[in-house]
Amino acid sequence: MESAEVQALQKRLAALESKLEVLNLKDAEEIRALEIIKQEAYAHGLDIAEGTIRRTSSRFCLAVEHGDYNGTELFGVGTDRFIWLAYKPNNTGRIRIYSHNCPEEGVIEFTPGKVPSPQSKEIADTWARFPFGVEDVLRKNGLACSQGFDAVIVGNIPGGGMSRSASLVLNLVLTMLELNNKSLPEGDFRIVDLACKVENEYVGTPCGNLDQIMIYYAKQGMGTRFDPKTKEVTHIPLGLDAEHFRIAALDTGTTRNGLEKSTYAVRVKECQELVSLLQKAGYKIKSLGDIKEEATYNQIIAQFGSTHPELCKRLKYIYFAQERFNSMVHAWAAGDIETVGAIFRRDGIGLRDEYQISGPELETMVDVARTVPGVIGERMLGGGDKGAAGAILHSKAGEELRNAVERGYKRSYPHLADKCAVHVVRVCKAIEVL
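This text gives an overview of the structure that appears in the document.

**Remarks on the overall build of the protein chain**
Scanning the protein chain from terminus to terminus reveals 12 helices and 12 strands. Its C-alpha atoms give the protein chain a radius of gyration of 22 Å, near enough to 22 Å, the size a compact globule of 434 residues would have. With respect to the three principal axes, the spread of C-alpha positions in the protein chain is 75 × 50 × 40 Å. Sorting the 434 residues of the protein chain into buried and exposed places 57% on the buried side. Of all intrachain contacts in the protein chain linking residues separated by at least 6 positions in sequence, the fraction that spans at least 24 positions is 74%. Surface summary for the protein chain: the accessible area is close to 18,200 Å², and the carbon and sulfur share equals 48%. Computing the positive centroid from 53 side-chain charges and the negative centroid from 58, the protein chain places the two 2 Å apart.

**A few points about the sheet that holds strand β11 (residues 421-425)**
Here we have four strands laid out as an open sheet, ordered β9-β10-β8-β11, and antiparallel in their pairing. Sheet topology places β9 (375-380) and β11 at the edges, where each strand pairs with a single neighbour. The mean inter-strand angle of the sheet, taken between neighbouring strand axes irrespective of direction, is 20 degrees. Two elements, strand β8 (residues 245-251) and β11, share five bridges in a ladder whose sense is antiparallel. Residue pairing in the sheet places alanine 248 in a bridge with valine 424 of β11. On top of the sheet, helix α11 (residues 360-370) reaches β8, β9 and β10 (388-394); it is set at about 175 degrees to β9, its chief contact.

**Digging into the nonpolar core**
By size, the foremost hydrophobic cluster in this structure holds 127 residues, and its most contacted members are Leu62, Leu138, Leu250, Leu278, Leu288, Ile291 and Leu401. Residue contributions to this core peak at 12 residues, all from helix α9 (residues 309-334). With sequence-adjacent residues up to four places away left out, leucine 288 is seen in contact with Asn70, Cys271, Leu274, Val275, Leu278, Leu315, Ile318 and Gln322. Core analysis: the second largest hydrophobic core is formed by 16 residues, Leu34, Ile36, Ile37 and Ile53 among them.

**Considerations on the side chain of asparagine 180**
Here asparagine 180 is to be found in the loop between α4 (164-179) and α5 (190-203). Within the structure, asparagine 180 has its side chain in polar contact with the backbone nitrogen of glutamine 147 (distance 2.9 Å). Filtering out sequence-adjacent residues up to four positions away, asparagine 180 remains in contact with Cys145, Ser146 and Gln147.

**As for the packing of α9 against helix α10 (residues 337-353)**
Where α9 contacts α10, the axes come no closer than 9 Å and their chain directions differ by 170 degrees. As judged from the angle between their axes, α9 and α10 are roughly antiparallel. On α10, the residues touching Lys313, Tyr317, Ala321, Arg324, Ser327, Met328, Ala331 and Trp332 of α9 are Thr339, Val340, Ile343, Phe344, Arg346, Asp347, Gly350, Leu351 and Asp353. Looking at the contact of α9 with α10, its residues break down into nine nonpolar, three polar and five charged.

**Focus: the packing of aromatic side chains**
All told, the structure shown has 14 aromatic pairs when counted by the stated rule. Here the aromatic rings of phenylalanine 245 and tryptophan 332 are separated by 5.8 Å at their centres, their planes lie at 80 degrees, and the arrangement is edge-to-face. In this pair, phenylalanine 245 sits in strand β8 while tryptophan 332 sits in helix α9, placing the two residues 87 residues apart along the sequence. Like phenylalanine 245, the residue tryptophan 332 is buried in the burial classification. Arranged with centres 4.2 Å apart and planes meeting at 5 degrees, the rings of tyrosine 297 and tyrosine 319 form a pair that is stacked.

**Quick word on the pairing of β8**
Among the seven residues that make up β8, six are buried, leaving the element largely enclosed by the rest of the structure. The pairing of β8 with β10 spans seven bridges and is antiparallel. Residue aspartate 251 lies in a different strand from β10, and its bridge partner there is alanine 388.

**Examining the pattern of salt bridges**
What the rule picks out here adds up to 32 salt bridges. A salt bridge links arginine 139 to glutamate 135; the nearest nitrogen and oxygen atoms lie 2.9 Å apart. Note that arginine 139 and glutamate 135 are positioned in helix α3 (residues 129-140) at a spacing of four residues, about one turn of the helix. One salt bridge in this structure joins aspartate 353 and arginine 352, with 2.6 Å as the shortest N-O distance. Judged by relative accessible area, arginine 352 falls into the partly exposed class, the value being 31%. Through salt bridges with shared partners, a single network forms among Arg267, Glu270, Glu310, Lys313 and Arg314.

So, how was this worked out
Residues numbered from 1 in each chain as written. Predicted model: local features only at pLDDT ≥ 70, side-chain atom pairs only at ≥ 80, totals over all residues. Heavy atoms only, no water. Helix = DSSP H or I, 4+ residues; strand = E, 2+ residues; numbered from the N terminus. Rg over C-alpha atoms; globule rule 2.2 N^0.38 Å. Buried < 20%, exposed > 50% of the residue type's maximum accessible area, 1.4 Å probe, protein only. Contact = heavy atoms within 4.5 Å. Areas by Shrake-Rupley, 256 points an atom, 1.4 Å probe, with all protein chains shown as cover. Lys, Arg positive; Asp, Glu negative; His and termini not counted. Charge placed at Lys NZ, Arg CZ, Asp CG, Glu CD. Pairing = 2+ DSSP bridges. Axes fitted to C-alpha atoms, helices over the stretch in contact; angles between N-to-C directions. Core = buried A, V, L, I, M, F, W, Y, C linked by side-chain atoms within 4.5 Å. Polar contact = N/O pair within 3.5 Å; in protein donor to acceptor, adjacent residues only side chain to side chain. Parallel < 35°, antiparallel > 145°, perpendicular 65-115°, else oblique. Nonpolar A, V, L, I, M, F, W, Y, C, P; charged D, E, K, R; others polar. Phe/Tyr/Trp six-rings, centres within 6.5 Å; stacked < 30°, edge-to-face > 60°. Salt bridge = Lys/Arg side-chain N within 4 Å of Asp/Glu carboxyl O.

Structure (structure tokens):
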């Protein structure tokens, strides 16, 4: 790069630094992330100075984990582990993005309208499948985005269980629409649908919409409830005792290489198989979430329990998790955190024994957390196999939880000792432009 260009870039980066100071950020992680963005932009010749920074959160599902593709109601919160995306339009007609979390791939550069084919071998092992997919899906849905831009991404969301890919895709969808003056109204459910299409149709992940909904609609101090029958989103304020508990993400230090390559994909197919089987037997259902009556549930177990025991285990988890759902929401609204924790714990047992979607590292972390006084609920999070578990705990139990992980989990998995972590998180608004 010529000296004049270097000086100009340094000047623009200084302007970005001033902008960060104006933000008066107090969160050490956010200050660190934005400093990384500045450094990476300079190192890779990306002009984002005086541009925009969009932050999208992680999510913490309280109920029903794996309910989205089974047609159940959903309830969860946004949590303060984030994807930060700093961007600025350029005049090159090309999109240039660098991810601090995937440095080995360098700057991803492509021309809108010229991306690899969906689910092709070319995108199977690259994080670039997400920006490629966003461009592809927007274009195919009448929202073509021709504006080139420079961007730097950094995130601190654990590698499984807290919806890192959904957060990234939502951020990219909102960013590309804004840069092309095609933003949809705030709260428009089409954003969720577009983000899901990126994962389902382009990447090939058979995910539902739980992650996208819990992130896109999350509000500070609120639980988000979604009814799939009506697509209605409502927000449930935390009860009076909200200050007396914390949520923790327990990162096992393991990373799951995409839901499309995991037990998650197997469970989706199994649930679809059971629905098809029940429909052929005369049951008027579209999903396992439609089975809510005790008599119907008992009849199905009696009819298919001996011939299809594994499929009936999947139904058992969904049926009883649905039965507990309203109790979870009512306890949250009342500030009855002991009940919230107890239901969260019971759901975890169902995910482990009935849905069989957990993994050894996840269950070791859960077992360690359960020994800590003040932890009132714990279970695996997200798609399963690997990634993060979660815990609900009294506010003073955080340090003892960290100590227990230090003593117990790291002893069981010494090779993960420098990767695992306990993140005590806050309930937050999920999407903000800084």
